[in-house]
Amino acid sequence: MQLVLIFISAAIVNNFVLTLFLGICPFLGMSKRVEAAFSMGLATTFVMTLTGALTWIINTYIIKGLDVPYLQNVAFIITIASLVQFVEMYIKKTSPSLYRTLGIFLPLITTNCAVFGLALFADLKGFSFIENIAYGFGAGAGFTLAMTMMAGIREELRFSDVPKAMEGAGITLIVAGLMALAFMGFSGLLTV
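Read on for a plain summary of the structure. Note that the structure is a prediction, hence the values are computed from the model and not measured.

### Re the side chain of Asn 15
Here Asn 15 is to be found in the loop between α1 (2–13) and α2 (24–29). The residues touching Asn 15, leaving out its near neighbours within four places in the chain, are Ser 9, Ala 10, Leu 20, Gly 142, Phe 143, Ala 146 and Phe 183.

So this is what it looks like as structure tokens:
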């Protein structure tokens with residue numbers, strides 16, 4: 001039950017994009033089409049899940065084991081960059097069209113603060129290995145949910161009568177703010 005609570009907490013209650021405001025750049029940049037947003041979300045979910053697992057191992061057995069806490073950030077960044085390179089090579093090999101669709105945003109997962117935040121938050125929460133994986137998967141699922149919802153709304157907005165002054169970035173930021181307010185309504189429901 002604890003794993004389910006961790007997952008729900010990371011995905012909805014403490015959504016990285018809409019309540020912690022991490023990962024805003026890909027959230028706004030890749031949320032123009034549902035297919036691209038969902039694909040980006042899945043790639044990020046994969047990276048976040050593996051980041052949760054690998055950073056726990058590195059932090060537990062190397063950083064804390066050798067008592068070198070000053071290397072934690074560097075180790076986490078190297079781990080995340082390596083994972084993203086693996087995902088990028090895999091997508092390029094298996095789906096060139098998806099690789100072109102994701103474009104520059106795929107390698108930017110490396111600098112996505114949501115992924116780095118996951119590694120740091122998981123350490124602060126003191127999760128076990130399995131809990132860390134659930135936390136990473138939940139955070140990635142929440143990221144995918146937020147991006148896909150935003151893309152769906154943005155696709156519908158193309159057919160809406162939006163005032164000229166609010167077209168583009170203006171209405172996008174208003175919608176993002178309203179979505180964040182909606183997700184803030186879940187705050188405090190779970191304390192994990």
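### Quick look at the state of the cysteines
Under the counting rule described, the total for this entry stands at zero disulfides. The thiol sulfur of Cys 25 is not disulfide-bonded, and the nearest other cysteine sulfur, from Cys 113, lies at 8.9 Å. Cys 25 sits in the exposed class, given a relative accessible area of 53%.

### Side note on the nonpolar core
Membership of the largest hydrophobic core comes to 43 residues, with the highest contact counts inside it found for Phe 16, Leu 18, Phe 27, Ile 109 and Tyr 135. Listing elements by their share of this core, those giving two or more residues are α1, α3 (34–63), α4 (72–94), α6 (113–125), α7 (129–157) and α8 (169–184). When residues in this core are grouped by element, the largest group, eight residues, is from α7. In this structure Phe 27 touches Val 17, Leu 18, Ala 146, Met 147, Met 150 and Ala 176, once residues within four positions along its chain are discounted.

### Regarding α4
With 23 residues, α4 should cover 33 Å at 1.5 Å per step; its first-to-last C-alpha distance of 33 Å lies within 8% of that length. The secondary structure elements touched by the buried residues of α4 are α3, α5 (96–102) and α6.

Cut-off values and rules
- Residues numbered from 1 in each chain as written.
- Predicted model: local features only at pLDDT ≥ 70, side-chain atom pairs only at ≥ 80, totals over all residues.
- Heavy atoms only, no water.
- Helix = DSSP H or I, 4+ residues; strand = E, 2+ residues; numbered from the N terminus.
- Contact = heavy atoms within 4.5 Å.
- Disulfide = S-S within 2.5 Å.
- Buried < 20%, exposed > 50% of the residue type's maximum accessible area, 1.4 Å probe, protein only.
- Core = buried A, V, L, I, M, F, W, Y, C linked by side-chain atoms within 4.5 Å.
- Expected span 1.5 Å × (residues − 1).

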